[in-house]
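Observations on the three-dimensional arrangement
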2 protein chains.
Amino acid sequence: MMASPLPISYTVGDDCVSPTVVSIPLISLADIEAARERIAGHVRRTPVLTNERLDEAAGATLFFKCEPLQHIGAFKARGATNAVFALSDAEASRGVATHSSGNHAAAVARAAALRGIPAYIVMPEGSAAPKLAQVERLGGRITLCAPTQAAREAAAARIVAETGAAFIHPYDNPYVMAGQGTAALELMEDAPDLDLVLAPIGGGGLISGVSTAVKALRPHARVIGVEPAGADDAARSFAAGHVIPLERPDTIADGLRASLAASTFAHIQRGVDAVATVSEPAIVQAMRTLWEALKIVVEPSAAVPYAAIESGEIDVRGLRVGIVLTGGNVDLDRLPWVQGARL
Amino acid sequence: MMASPLPISYTVGDDCVSPTVVSIPLISLADIEAARERIAGHVRRTPVLTNERLDEAAGATLFFKCEPLQHIGAFKARGATNAVFALSDAEASRGVATHSSGNHAAAVARAAALRGIPAYIVMPEGSAAPKLAQVERLGGRITLCAPTQAAREAAAARIVAETGAAFIHPYDNPYVMAGQGTAALELMEDAPDLDLVLAPIGGGGLISGVSTAVKALRPHARVIGVEPAGADDAARSFAAGHVIPLERPDTIADGLRASLAASTFAHIQRGVDAVATVSEPAIVQAMRTLWEALKIVVEPSAAVPYAAIESGEIDVRGLRVGIVLTGGNVDLDRLPWVQGARL
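Just so it is clear, the structure is predicted and the values come from calculations on it, not from any experiment. (Residues numbered from 1 in each chain as written. Chains lettered and ligands numbered in written order. Predicted model: local features only at pLDDT ≥ 70, side-chain atom pairs only at ≥ 80, totals over all residues.)

Here we come to the nonpolar core. Residues Val108 and Val210 of chain A together with Val108 and Val210 of chain B are the most contacted members of the largest nonpolar core, which totals 231 residues. Residues contacting Val108 of chain B, with those up to four places away along its chain left out, are Ala80, Val84, Val96, Thr98, Ala119, Ile121 and Ile168 of chain B. (Core = buried A, V, L, I, M, F, W, Y, C linked by C-beta atoms within 7 Å. Buried ≥ 20, exposed ≤ 12 C-beta atoms within 10 Å, placed from the backbone. Contact = placed C-beta atoms within 7 Å.)

Okay, here's the thing in structure tokens:
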């Protein structure tokens, strides 16, 4: 649990018919500041880049927080490191476990190695070879499982039962959310007086931390989450007022194919002003524009917020806009704009 | 001329037969410090990145100075800005001119726009469309010419005669060399106690500035220039003790296809400890490794120094090594490792 959870009453389910009221703890600015202190020295303060050409095109001043330059190539290092280092020595001694085919797996493996404890990582068969190699290089103990959510959860549960390892969920964990929020603290320091902050929404861990930090320090700034139209559970949940799980995600943005948790949805309801969606061609175009203009390798998921600007989905004219570029782990043989590349 | 040129006696030509002795002014640390002050606010202080995976592979501590994140995507912004702003108001009022198909063209156009003066840019027919578009977007007045060195020089000379514009050579200019050297000042501040600094050699402007700064501030650090084996005029000149022009460059590193000038060679003789060469496959492999590990888009020329490390050409084990990543302007449709990409 968090050091200072802020319980609120929160309604889950169809709010027309006998709502169930449960209490979901929300993270606070203090949790994010504690995270920052906890992970200092283990994660990078990434640069914030500006670009004349992109500003001109948008009619705005854009500040890109460059998490591809973070350790393991993604912001996920922040949350995982905070969660791993928040464990007591007794908890930590039995190691940590997670299931992930993506950046969270590498982030947990790296954080565990830094703390000197084992990391049990469940990864689906068919995971990209570079992702497996990265987790292995970082010392993670990989268990392969069938590529279904149920198989992943079962394998992780078995490992937790056998080893007593602490399970580190990729987003449904207050320490993970608070860790991700540290990116927004740094962004607001390097880019003061922001009018608007954009971040992608997958499971919602990043936007939970970011919106908490922004609304605490700059209450009048708007926070907009962006997701692929082909994985628009956050937009639909936001409109409906309750979590609608993602059924069949269909997007190149592989980092954004997760469903919201009740916890992240509660943070979105508290701190996010709107959720926008973007098309697949807009994501690919934005990815290419960012590579060309910023010279930063961004993965499709990381291009999603800028896609909303470039495609005109969000009107940013005259504004100072902070954008979290989330990660840069992409298969360089499969660039979506290159003819002949496997897709 | 420089504020404080340091004339030395320097021998040009075949030193066995009646050498001609001329005086070539060498730049000093003071020139680079003056450049830094002159261009402050117009160029970026780019980040220096480190990477655990690359350190492990090299058995060294590597510090990458990331000039792809510089304005116009390359270190060339430094030297061109210094040269343009060093002009007197009277000189500047007639504008500036250069010939270049690459990053120097954009750098001069941008610097002239910042100073509010015209930039006449001679570019060879057949220049890449994005390069032309970039110079145009920056307000450069483009004159196309036949794609030969003679045609470029003739066209530029005609423009200079007609307009009275000041000619800004891409490297045979002390202000340009001093401007490029500012990258090394920043690198040494962010990465103290370097044992070795690596930079690519094309025309030699960058290595002239870098070696001047390094030898002044850290005399015991070694400076090694690296160039493609297919454009090895610096290595051959260095060994021979006099400038041997590049005849038929054959390399993917399009930024390194220029011949040394007498001026840059004099700086190389003064401050460079060795010149290494790397193969084309090593350049492509290094480029890919850097994209994958650092998440920075580097052009082939920028990958050349790291190629010398990755291929084992230079032994860096146990050393603290500074590496100037020079630029990131690359055609994203023509990545050399992607099957089906046009080469």
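With that settled, consider the domain arrangement of chain A. Residues and elements named next belong to chain A. One can read the domain layout of chain A as domain 1 (24-74 + 177-325) and domain 2 (76-167). Centre-to-centre separation of domain 1 and domain 2, based on C-alpha positions: 24 Å. With 18 residues of domain 1 at the contact, the number on the domain 2 side is 15 residues. Put simply, the parts of the chain that give the side of domain 1 that touches domain 2 at least two residues each are helix H1 (29-39) and helix H8 (174-190). (Domains from an automatic or database assignment. Helix = DSSP H or I, 4+ residues; strand = E, 2+ residues; numbered from the N terminus.)

Attention shifts here to the interface of chain B and chain A. With 20 residues of chain B in contact, the opposing surface of chain A contributes 20 residues. Examining the composition of the side of chain B that touches chain A, we find that three residues originate from one element, helix H12 (residues 280-294) of chain B, more than from any other. The residue inventory of the side of chain B that touches chain A, partitioned by class, reads twelve nonpolar, four polar and four charged. (Nonpolar A, V, L, I, M, F, W, Y, C, P; charged D, E, K, R; others polar.)

Moving on: the sheet that holds strand S9 (residues 196-200) of chain B. Residue and element names in this part refer to chain B. Strand order in this open sheet of six strands is S3-S4-S12-S9-S10-S11, and the pairing throughout is mixed. The open sheet terminates on both sides in strands that have one partner only, identified here as strand S3 (48-49) and strand S11 (274-278). Its contacts with the sheet put helix H8 (residues 174-190) on S3, strand S4 (61-66), S9 and strand S12 (320-325), and the angle it makes with S4 is roughly 140°. (Pairing = 2+ DSSP bridges. Axes fitted to C-alpha atoms, helices over the stretch in contact; angles between N-to-C directions.)

Residues and elements named next belong to chain B. Here we have four strands laid out as an open sheet, ordered S7-S6-S5-S8, and parallel in their pairing. The open sheet is flanked by strand S7 (141-145) and strand S8 (166-167), the only strands paired with a single partner. In this structure, strand S5 (residues 96-99) lies alongside strand S6 (residues 119-124), joined through four bridges in parallel fashion. Across the sheet, Ala97 pairs through a bridge with Tyr120, a residue of S6. The strands that helix H5 (residues 103-115) touches are S5 and S6; relative to S6, the one it contacts most, it runs at about 165°.

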